[in-house]
Number of protein chains: 2
Amino acid sequence: MHDEKILKILRNNADTHTSSDELCKVTGVSRTAVWKHIEDLRREGYDIEASPHLGYKLVAIPDSLIPGEILWKLRTKIIGRSVLSYKKIDSTNDSAYALAEKGIAEGTVVIAEEQTKGKGRHGRKWESPPKSGIYMSCVMRPEMAPNEIAKITLLAAVAVAKAIRRFTGLEAMIKWPNDIIINGRKVCGILTEMKAEQDSIDFIILGIGVNVNTPAASLPKGASSLKEELGRPKKSDGISRVGFVKYMLESIEEEYLRLRTKGFTPIMEDWRSMSLLPGSKIKVLLPNRTIEGEAHDIDSDGSLIVRLDSGVLEKVSSGDVVMLR
Amino acid sequence: MHDEKILKILRNNADTHTSSDELCKVTGVSRTAVWKHIEDLRREGYDIEASPHLGYKLVAIPDSLIPGEILWKLRTKIIGRSVLSYKKIDSTNDSAYALAEKGIAEGTVVIAEEQTKGKGRHGRKWESPPKSGIYMSCVMRPEMAPNEIAKITLLAAVAVAKAIRRFTGLEAMIKWPNDIIINGRKVCGILTEMKAEQDSIDFIILGIGVNVNTPAASLPKGASSLKEELGRPKKSDGISRVGFVKYMLESIEEEYLRLRTKGFTPIMEDWRSMSLLPGSKIKVLLPNRTIEGEAHDIDSDGSLIVRLDSGVLEKVSSGDVVMLR
């Protein structure tokens with residue numbers, strides 16, 4: 001509480017020093033107590049200069065995925081209004097799911113610096129090395145039937161691709177069903193899980209993993225990170241993860257509110273305009289067989305429509321796509 | 001273990017006495033130990049006659065929803081092969097859901113004599129008074145997309161309606177979406193819940209509540225029980241719940257295997273043939289409005305198709321139906 005008050009004052013006076021007396025006055029605690037709070041903030045990664053005569057000055061803020069940083073000037077009303085942050089967790093999706101079962105509010109975000117059991121689609125692993133990526137899960141409670149879940153998955157892909165484009169200028173594309181690709185390499189995966197009755201969704205956990213500053217060597221083959229794609233080899237040249245998380249949360253909220261007011265069509269149009277596949281020769285690995293053809297379009301239920309070599313259109317609801325050539 | 005051995009011998013010799021010596025020989029324990037096991041069985045509700053000279057004889061078995069009784073001569077391979085039985089539980093669906101999240105096998109059944117927080121659709125309450133109904137939840141793991149969940153719900157309604165018809169001779173009918181009705185009164189409700197990714201179901205919890213011997217006074221308005229509908233007012237005239245549970249488990253398995261081998265069409269045809277509504281004037285209470293018309297059919301995704309007074313067909317995926325006249 002006092003930490004936050006002190007931090008706020010230092011933030012608002014970032015170009016000058018704030019005297020100990022001033023901080024004592026505002027917080028109502030002693031000089032020694034103020035000093036202890038400053039030490040707390042330093043442990044969290046804030047670089048605070050102390051001068052015996054002038055007082056304290058905030059020199060640098062940490063790029064840590066902590067609520068204090070994520071919530072600072074975040075412009076959302078629902079998504080990310082409550083943030084639970086972990087240095088290390090098994091899986092943000094599992095944690096958010098368990099919280100959602102207990103009734104936690106829509107928009108709550110679980111975020112972690114590292115996952116020990118990061119989850120991808122269909123029980124696969126999502127590599128989640130520490131301090132370089134963003135691993136987060138958001139609780140959504142849309143009033144929908146379970147067969148509408150694709151709306152949320154497609155919406156998330158659109159929101160993340162837009163956030164990447166705005167924040168980095170990189171041309172993020174969407175690869176069906178829900179990967180984000182830059183220059184042919186995967187930088188982000190999305191995993192939606194839900195609890196539902198036959199005719200109504202109880203909640204959806206929207207899991208998003210983004211490789212932000214992750215070095216190529218820590219990633220599986222075919223994967224990359226925003227930093228790699230920006231061509232910034234130096235370790236110090238990292239992208240602000242805190243800054244990018246805010247862009248993502250704001251972008252998700254924007255699309256979510258648009259879904260409520262304008263329906264699904266505009267989101268689907270955006271999805272199509274950023275889709276990597278249309279017109280490409282592809283191979284689709286289905287649970288029991290493989291098909292080949294040309295990627296044609298997606299359906300409003302999230303299925304991929306493939307034009308087989310015979311000319312027949314086939315709808316695919318689940319599978320992995322390999323681009324040929 | 002010894003209890004089960006002794007019980008099996010007594011069951012197989014139900015028309016005669018079995019001597020203490022014989023039971024000692026088979027179990028390998030002392031006469032005093034045999035006596036203690038007999039006492040255990042009596043506490044579970046088995047009526048066992050003891051004669052100093054002739055030995056023991058099984059006179060009556062309890063109508064308790066215990067695994068020993070349910071599994072006895074149960075002819076299924078999947079459904080109910082493992083039974084977890086409770087005298088009292090908050091909700092069998094919640095319990096089965098938690099077990100399924102930990103990976104418990106398909107077909108596992110959680111069953112209880114009483115529920116303190118019995119659940120109906122959309123967070124409603126399901127009255128679950130003790131020792132008179134069957135409250136059970138079965139873990140299903142079909143390889144399906146989430147938009148196919150209706151197949152399991154409709155399948156369950158067909159299976160339960162058939163089990164009631166076979167066991168009691170009563171003309172059980174299905175009222176959309178998944179109530180079982182006899183003579184206009186509800187005797188059974190079905191609640192399916194699932195955990196799923198966008199394109200694949202992780203598991204479904206198939207919850208079934210049947211009022212078997214429940215007196216009308218313990219039930220909400222419009223509800224009834226099998227015993228009431230059979231016109232058996234005497235308390236001693238109860239229906240065997242254990243017997244009926246076996247019919248239900250066998251019927252669910254039969255339909256489930258039929259779905260696998262023959263697809264959904266035959267189940268849907270059976271559903272239609274037992275459907276209460278077709279041709280009836282109905283009012284459907286939707287989340288935000290009410291529509292009136294004639295019940296026309298159901299769709300393969302479980303939706304109700306209503307012919308409005310204007311002649312237009314409207315598809316309804318979630319709602320409550322009131323029959324008019």
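Only a predicted model underlies this, so the values are computations on that prediction, with no experimental measurement involved. (Residues numbered from 1 in each chain as written. Chains lettered and ligands numbered in written order. Predicted model: local features only at pLDDT ≥ 70, side-chain atom pairs only at ≥ 80, totals over all residues.)

> Even after reading the chapter, I still don't get the overall build of chain A, so can you show me in this structure?
Within chain A one finds 9 helices and 14 strands. Dimensions of chain A along its principal axes, counting C-alpha atoms only, are 80 × 45 × 35 Å. Taken over 325 residues, chain A has a buried fraction of 42%. Residue pairs in contact within chain A that sit at least 24 positions apart in sequence constitute 60% of those at least 6 positions apart. (Helix = DSSP H or I, 4+ residues; strand = E, 2+ residues; numbered from the N terminus. Buried ≥ 20, exposed ≤ 12 C-beta atoms within 10 Å, placed from the backbone. Contact = placed C-beta atoms within 7 Å.)

> Help me out: how do you make sense of the relation of the copies chain A and chain B in this one?
For the pair chain A and chain B, the relating rotation is 180 degrees, the translation along its axis is 0.1 Å, and the fit reaches an RMSD of 0.1 Å. Taken together, the rotation and translation relating the two chain copies correspond to the operation of a two-fold axis. Both copies contact each other with a shared surface, as 100% of the interface residues of chain A are interface residues in chain B too. (Least-squares fit on C-alpha atoms with pLDDT ≥ 70 in both.)

> How should I be thinking about the sheet that holds strand S10 (residues 281–285) of chain B in this particular structure?
Sheet strands line up and pair through hydrogen bonds in the backbone, either parallel or antiparallel. Residues and elements named next belong to chain B. Sheet architecture is open: 5 strands sit in the order S13-S12-S11-S10-S14, paired in antiparallel fashion. A single partner strand is all that each edge strand has here, and the edge strands are strand S13 (313–316) and strand S14 (320–323). On average, each strand axis in the sheet is inclined to that of its neighbour by 45 degrees, with strand direction left out of account. Sheet topology note: the strand S12 (residues 304–308)/S13 ladder contains 4 bridges and is antiparallel. Within S13, the residue paired with Arg307 across the bridge is Leu313. (Pairing = 2+ DSSP bridges. Axes fitted to C-alpha atoms, helices over the stretch in contact; angles between N-to-C directions.)

> What should I look at first to understand the pairing of strand S7 (residues 179–182) of chain A in this one?
The side chains of a regular strand alternate, first on one face of the sheet and then on the other. All names here are of chain A. Side chains Asp179 and Ile181 of S7 all project onto a buried face; the interleaved residues Ile180 and Ile182 project onto the opposite face, where all are buried too. As defined by bridge partners, strand S6 (residues 173–175) adjoins S7 across 3 bridges and the pair is classed as antiparallel. What sits directly across from Ile174, in S7, is Ile180. Where S6 folds back on S7, the antiparallel hairpin that results is connected by 3 residues. Here S7 pairs with strand S8 (residues 185–197) via 4 bridges, running antiparallel. Among the inter-strand pairings, Ile182 is bridged to a residue of S8, identified as Arg185. Where S7 folds back on S8, the antiparallel hairpin that results is connected by 2 residues, among which Asn183 adopts a positive phi of roughly 50 degrees.

> So what exactly am I meant to see when it comes to the interface of chain A and chain B here?
Accessible area lost upon the coming together of the parts serves often as the stated size of an interface. In this assembly, 23 residues from chain A lie in contact with 23 residues from chain B. Its residues assigned to classes, the side of chain A that touches chain B comprises 8 nonpolar, 9 polar and 6 charged. With 5 bridges joining them, S8(A) and strand S8 (residues 185–197) of chain B adopt antiparallel strand pairing. In the strand pairing of S8(B), Ala196(A) is matched with Met194(B). (Nonpolar A, V, L, I, M, F, W, Y, C, P; charged D, E, K, R; others polar.)

> Would you explain the domain arrangement of chain A in this entry?
All names here are of chain A. Domain boundaries in chain A define domain 1 (2–60), domain 2 (67–273) and domain 3 (281–323). Between the C-alpha centres of domain 2 and domain 3 there is a distance of 25 Å. Each partner contributes residues to the interface: domain 2 has 9 residues there, and domain 3 has 6 residues. Counting residues per element, the side of domain 2 that touches domain 3 draws most heavily on helix H6 (residues 149–168), at 3 residues. Each residue belonging to the side of domain 2 that touches domain 3 can be placed in one class, and the counts come to 6 nonpolar, 2 polar and 1 charged. (Domains from an automatic or database assignment.)

> Looking at this structure, how should I read helix H3 (residues 31–43) of chain A?
Since one α-helical turn is 3.6 residues long, residues separated by three or four positions face the same way. Residues and elements named next belong to chain A. Spanning 13 residues, H3 covers 19 Å between terminal C-alpha atoms, matching the ideal 18 Å at 1.5 Å per step. Those residues of H3 that sit buried are Val34, Ile38 and Leu41. Down the axis of H3, the buried side of the element spans an arc of 60 degrees, and every buried residue falls inside it. Seen from the buried face of H3, the exposed residues on the opposite side, beyond 90 degrees, are Thr32, Glu39 and Arg43. Each element contacted by the buried residues of H3 is listed here: helix H1 (2–12), helix H2 (20–27), strand S1 (47–51) and strand S2 (55–60). Of the residues trailing H3, Gly45 is marked for its positive phi of about 115 degrees. (Expected span 1.5 Å × (residues − 1). Arc of directions from axis to C-beta.)

> Help me out: how do you make sense of the environment of Glu113(A) in this one?
All names here are of chain A. In this structure, Glu113 sits in the loop between strand S4 (109–112) and strand S5 (133–140). C-beta crowding within 10 Å serves as the criterion here: with 21 such atoms nearby, Glu113 is assigned to the buried category. Residues Glu113 and Lys87, spaced 26 residues apart in sequence, show a C-alpha to C-alpha distance of 4.9 Å. Residue contacts for Glu113: discarding those within four places in its chain leaves Leu65, Lys87, Lys88, Pro130 and Lys131.

> Quick question: what am I supposed to make of the sheet that holds strand S10 (residues 281–285) of chain A here?
Residues and elements named next belong to chain A. Pairing within the open sheet is antiparallel, and its 5 strands lie in the order S13-S12-S11-S10-S14. The open sheet has two edge strands with one neighbour each: strand S13 (313–316) and strand S14 (320–323). Adjacent strand axes in the sheet meet at a mean angle of 45 degrees when their direction is disregarded. Here strand S11 (residues 290–298) runs beside strand S12 (residues 304–308); their pairing, made up of 5 bridges, is antiparallel. Of the residues in S12, the one forming a bridge with Gly293 is Leu308.

> How do you make sense of the pairing of strand S4 (residues 109–112) of chain B when you look at a structure like this?
Residue and element names in this part refer to chain B. Because side chains alternate across S4, one face comprises the buried residues Val109 and Ile111, and the other comprises Val110 and Ala112, equally buried. Each parallel crossover has a hand, and for strand S3 (residues 83–86) linked through helix H5 (residues 92–101) to S4 it is right-handed. Bridging between S4 and strand S5 (residues 133–140) involves 4 bridges; their strand directions are antiparallel. In the sheet register, Val109 faces S5, and the bridge partner there is Cys138. (Right-handed = clockwise from strand over helix to strand, strands pointing away.)

> Mind showing me how you'd approach H1(A) here?
Residue and element names in this part refer to chain A. Within H1, burial applies to Ile6, Leu7 and Leu10. Relative to the axis of H1, the buried residues are bounded by an arc of 100 degrees and lie together on one face. Tucked into the core, H1 has its buried residues touching H2, H3, S1, S2 and helix H4 (67–71).

> Is there a simple way to think about the environment of Lys57(A) in this case?
Looking at the secondary structure, you find Lys57(A) in strand S2. Residues in contact with Lys57(A), not counting those within four places in the same chain, are Thr16(A), His17(A), Ile48(A) and Glu49(A).

> Sorry, what's going on with the packing of helix H6 (residues 149–168) of chain B against helix H9 (residues 265–273) of chain B here?
In a pair of packed helices, the angle between the axes and the distance between the axes together describe the arrangement. All names here are of chain B. One can describe the packing of H6 onto H9 by two numbers: an axis separation of 9 Å at closest approach and a directional angle of 55 degrees. Regarding the angle of H6 to H9, the classification is oblique. When the axes of H6 and H9 are compared, the crossing they make is left-handed. Along the contact surface, H6 presents Leu154, Leu155, Ala157 and Val158, while H9 presents Ile267, Met268, Asp270 and Trp271. (Parallel < 35°, antiparallel > 145°, perpendicular 65-115°, else oblique. Left-handed = near helix turned anticlockwise from the far one by under 90°.)

> How should I be thinking about the confidence of the model for chain A in this particular structure?
For residues with low pLDDT, the predicted coordinates do not support detailed interpretation. Taken as a whole, chain A shows an average pLDDT of 94; of its residues, 100% reach a score of 70 or greater. Interface confidence in the predicted complex, given as ipTM, is 0.87; pTM for the same model is 0.90. (pLDDT = per-residue confidence, 0-100.)

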